[in-house]
Amino acid sequence: MSYEVFIALRYLSASRKRAHVALISTISVLGLGVGVAALVISLALLSGFQDRIRAQMAIRSPHVVVLPERGDRLADPERVRQALVALPGVLSVEPLVEGRGWLSTESGRTPVPVRYRNVSEGPLRLAGDGVPPARLSAAAASRLGVATGSVLRVLSSRTRLSPIGPIPIAVLVRVVEIRRGSALEKAADIEVPEATARMLGGLATGAQAYEARLADPEAAGLAARTLAGRLPAGYRVRTWRELNAPLSFALRLEKAVIFATVALVIVVAALNIVSNIALLVVEKKRDLGVLISLGARPGSLAKIYLVLGGLIGAVGTAAGVAVGVVASVLLDRFRAVPLPPDVYLMTHVPFAVHPREVVLVTLFALMTAIAAAVLPAKAASRLAPGEAVRLSR
Amino acid sequence: MLAIKAENLSKTYAGEGAPVTVFSNLSFELPVGVFAAVMGPSGVGKSTLLHLLGGIDNADTGRVEVFGALLGGLPPRERARFRNDRIGFVFQFHHLLPEFTAEENVAFPHRIAGLPAAEARRRAAELLERVGLRERRDHRPRALSGGEQQRVAIARALARGPGLLLADEPTGNLDADSAGTVFGLLEELHRERGMTTVLVTHNPDLASRCDTIYLMSREGIAPAPGSSGGNRTDP
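Residues numbered from 1 in each chain as written. Chains lettered and ligands numbered in written order. Predicted model: local features only at pLDDT ≥ 70, side-chain atom pairs only at ≥ 80, totals over all residues. Heavy atoms only, no water.

**So, the overall build of chain A**
When you go through chain A residue by residue, the secondary structure sums to 13 helices and 10 strands. The C-alpha radius of gyration of chain A comes to 32 Å, more than 25% above the 21 Å expected for a compact globule of 393 residues. Along the first, second and third principal axes, the C-alpha atoms of chain A reach 115 × 45 × 30 Å. Across the 393 residues in chain A, those meeting the buried criterion constitute 46%. Contacts spanning at least 24 positions in sequence make up 78% of the contacts within chain A whose residues lie at least 6 apart. Per element, the accessible surface of chain A, about 19,000 Å² overall, is 64% carbon and sulfur. (Helix = DSSP H or I, 4+ residues; strand = E, 2+ residues; numbered from the N terminus. Rg over C-alpha atoms; globule rule 2.2 N^0.38 Å. Buried < 20%, exposed > 50% of the residue type's maximum accessible area, 1.4 Å probe, protein only. Contact = heavy atoms within 4.5 Å. Areas by Shrake-Rupley, 256 points an atom, 1.4 Å probe, with all protein chains shown as cover.)

What follows is the structure in structure tokens.
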């Protein structure tokens, strides 16, 4: 241990015996601890929500999508399908057939604009009466006032030729499932079997795009790069992260803004450290002069106070991290903050502690504490030792 | 050979009012091995002179050489190392670091020099034994008497075996008995170690026991009438 650290440690431990220094040191440590705890809890709260949103993204979005560079359908869908099937870790490969239309009840009540798309038939139980099954979004169900078992009419925006001219394509479907969504989700959509979607879209063969799901969604980036190398020009490959890029960006921005805002508490706490260290510099002015007379370099005096700042920072940060992590874990485990499930799709506020974020907060708090000590440490290094010794009689 | 060669030193402090000139064009030389006393009225700059000679303060003009090294010409790091190795300071008030034990205080010059803590403490313990404070080595300064505090301060000043000891009224704050003990110790160590010692004192009895006496006034510094003027007088 260098003598600078030795002195800093002794100053810190001895400061407990001097009421005014002890008070300011305690305020510095507590201030920093509160700031760090607030930041850890805030980030855990955001991470809790964002983890669930990202999980939903990974569940609801295809992990890799191949789209045509131009036009509305793939030039060689079979080649695209084979390229996707050849990817490692592929769970399913499905063509995409989608379009827009109107949805109404069988009796023809006011139609609702709707987006339809195909879905693999696995999840949809086939109705016994030959009417194609459909999964309806909660928003559409609520607007039409229908429930599971209802028969609906889907009117496509496309037309087909008939002896009397072009007429809209209409298909009857039976609602076999209503997809629960947030009350804030207003888009009306309906998922139907591929054959039904092809009929509505007037697309007998081919596909507008191909979608693949992977065993590991995190491998989507690598899969997309592999795929882009295997396919000729004229195709675009997108991952689920790219498809949700605006939302991902919004989530990252939200976290960055919260970090910057709550981190101000740490910055304010650091101002206490400035006054704490400055007080110690003034109080120990004579000691500094003596150390210089013994051969200490001015830089060593600065180091003593930087170490002190670091020690105060370390104690405050450790306390703050401990409180923040424990509080976040307990708040999550005991579901301490309930939520209306019909609005938020979850019963309580989730808290998720990410080690990487805790490390980030720790480093930020430590660096801030040390930075706070820089100014008084510089003052210590500029001290005129002769004056310090002369005036301190 | 000269231990100290100071030429044309001037020093002015910027006070709250008008600047205060402590001295100007002061020159002073001292051969190696001399135990010199500096006497003079308060305020003539005796302490300031010691600070300039020890390199902990800078003169406005002039130059100071200690053992041939021009202090003002040394870069800060070298100057600090020179002070650590070659110059010892004893102040009127012991100026021990209150949070540290006697042994830790005496070990500081070694720690600053980069010695490992254990070795520094071993050497400090030896020196404390030499000044008769072996049993008090684990005591903090406030648990020591004034005389003991000053003996610890002397041990600290001599820790690195300096060639020059600058003592600024080391007995000025002690009772007569303690002052005698401390001065006796300084004398012994001076002879024992072959140092050059500059002692600022107001005590004529103690000054008379030094090899030479310098009188300092507003006009400058000069050997006292009848003093040997820097030529060493062996005991």
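That covers the picture; the talk isn't over yet.
**Quick word on the interface of chain B and chain A**
In this complex, chain B contributes 26 residues to the contact, which on the side of chain A involves 27 residues. With both chains or domains summed, chain B and chain A bury close to 2,600 Å², and 62% of this area falls on carbon and sulfur atoms. Where chain B meets chain A, there are 2 salt bridges. Lysine 284 of chain A is the salt-bridge partner of glutamate 99 of chain B, the closest N and O atoms lying 2.1 Å from each other. The tally of links from chain B across to chain A stands at 7 residue pairs in polar contact (both at pLDDT 80 or more). Ranked by residues supplied to the side of chain B that touches chain A, first place goes to helix H3 (residues 102–113) of chain B with 5 residues. (Buried area = accessible area lost by both parts, 1.4 Å probe. Salt bridge = Lys/Arg side-chain N within 4 Å of Asp/Glu carboxyl O. Polar contact = N/O pair within 3.5 Å; in protein donor to acceptor, adjacent residues only side chain to side chain.)

**Observations concerning the packing of aromatic side chains**
According to the stated counting rule, one finds 8 aromatic pairs over all chains in the structure shown. Taking the centre distance of 5.7 Å and the plane angle of 35 degrees together, the rings of phenylalanine 35 of chain B and phenylalanine 183 of chain B count as tilted. Taken together, the residues phenylalanine 35 of chain B in strand E3 (residues 35–39) and phenylalanine 183 of chain B in helix H6 (residues 176–193) connect sequence positions 148 residues apart. Judged on exposure class, the residue phenylalanine 35 of chain B and its partner phenylalanine 183 of chain B are both buried. Ring pairs connect the aromatic residues Phe6 and Tyr11 of chain A together with Phe100 and Phe108 of chain B, which therefore count as one cluster. (Phe/Tyr/Trp six-rings, centres within 6.5 Å; stacked < 30°, edge-to-face > 60°.)

**Description of helix H8 (residues 245–283) of chain A**
With 39 residues, H8 of chain A should cover 57 Å at 1.5 Å per step; its first-to-last C-alpha distance of 56 Å lies within 8% of that length. Of all the bends in H8 of chain A, the greatest, near 25 degrees, is centred on leucine 264 of chain A. (Expected span 1.5 Å × (residues − 1). Bend = angle between axes of the 7 residues up to and from the residue.)

**Details of the sheet that holds strand E9 (residues 209–214) of chain A**
Residues and elements named next belong to chain A. Sheet architecture is open: 4 strands sit in the order E2-E9-E1-E10, paired in antiparallel fashion. Edge positions in the sheet fall to strand E2 (90–96) and strand E10 (235–239), since each of these pairs with one other strand and no more. Neighbour-to-neighbour, the strand axes of this sheet turn through a mean angle of 20 degrees, independent of strand direction. Judged from the 5 bridges that link them, strand E1 (residues 64–68) and E10 form a sheet pairing that is antiparallel. Paired with valine 65 across the two strands is arginine 238, which belongs to E10. In the packing of helix H6 (residues 220–230) onto the sheet, the strands contacted are E1, E9 and E10, and the crossing angle to E10 comes to about 170 degrees. (Pairing = 2+ DSSP bridges. Axes fitted to C-alpha atoms, helices over the stretch in contact; angles between N-to-C directions.)

**Quick look at the side chain of histidine 63 of chain A**
Residue and element names in this part refer to chain A. Inspection of the secondary structure assignment puts histidine 63 in the loop between helix H2 (19–60) and E1. Histidine 63 sits in the buried class, given a relative accessible area of 3%. With residues up to four places along the chain from it excluded, the contact list for histidine 63 reads Ala58, Ala212, Arg213, Leu214, Pro217, Ala220, Arg238, Thr239 and Trp240.

**Considering the confidence of the model for chain B**
For residues with low pLDDT, the predicted coordinates do not support detailed interpretation. Residue and element names in this part refer to chain B. This prediction gives chain B a mean pLDDT of 87; 97% of its residues lie at or above 70. Looking over chain B, one finds the lowest element-wise mean pLDDT in strand E10 (residues 220–223), namely 86, and the highest in H3, namely 94. A low-confidence stretch, residues 230–235 stays under pLDDT 50, and its non-local contacts, those more than four residues away or across chains, total 12 contacts. Both scores are given for the predicted complex: the pTM is 0.74, the ipTM 0.87. (pLDDT = per-residue confidence, 0-100.)

**Examining helix H5 (residues 146–157) of chain B**
When the terminal C-alpha atoms of H5 of chain B are compared, their 16 Å separation across 12 residues agrees well with the 16 Å that a helix rising 1.5 Å per residue should span. Burial runs high along H5 of chain B: 11 of the 12 residues are buried. Within H5 of chain B, burial applies to Gly147, Glu148, Gln149, Gln150, Arg151, Val152, Ala153, Ile154, Ala155, Arg156 and Ala157 of chain B. Packed against the buried residues of H5 of chain B are helix H9 (285–293) of chain A together with strand E6 (87–90), H3, helix H4 (117–130), strand E7 (164–168) and H6 of chain B.

**So, the nonpolar core**
Core analysis: the largest hydrophobic core is formed by 84 residues, its most contacted members being Tyr305 of chain A together with Phe28 and Leu53 of chain B. No other element matches H8 of chain A, which puts 10 residues into this core. In this structure, leucine 53 of chain B is in contact with Ile4, Ala6, Phe28, Val64, Val66, Leu71, Ile87 and Leu166 of chain B, ignoring residues within four places of it in sequence. Ala120, Leu174, Val182 and Leu199 of chain B belong to the second largest nonpolar core, which has 39 residues in total. (Core = buried A, V, L, I, M, F, W, Y, C linked by side-chain atoms within 4.5 Å.)

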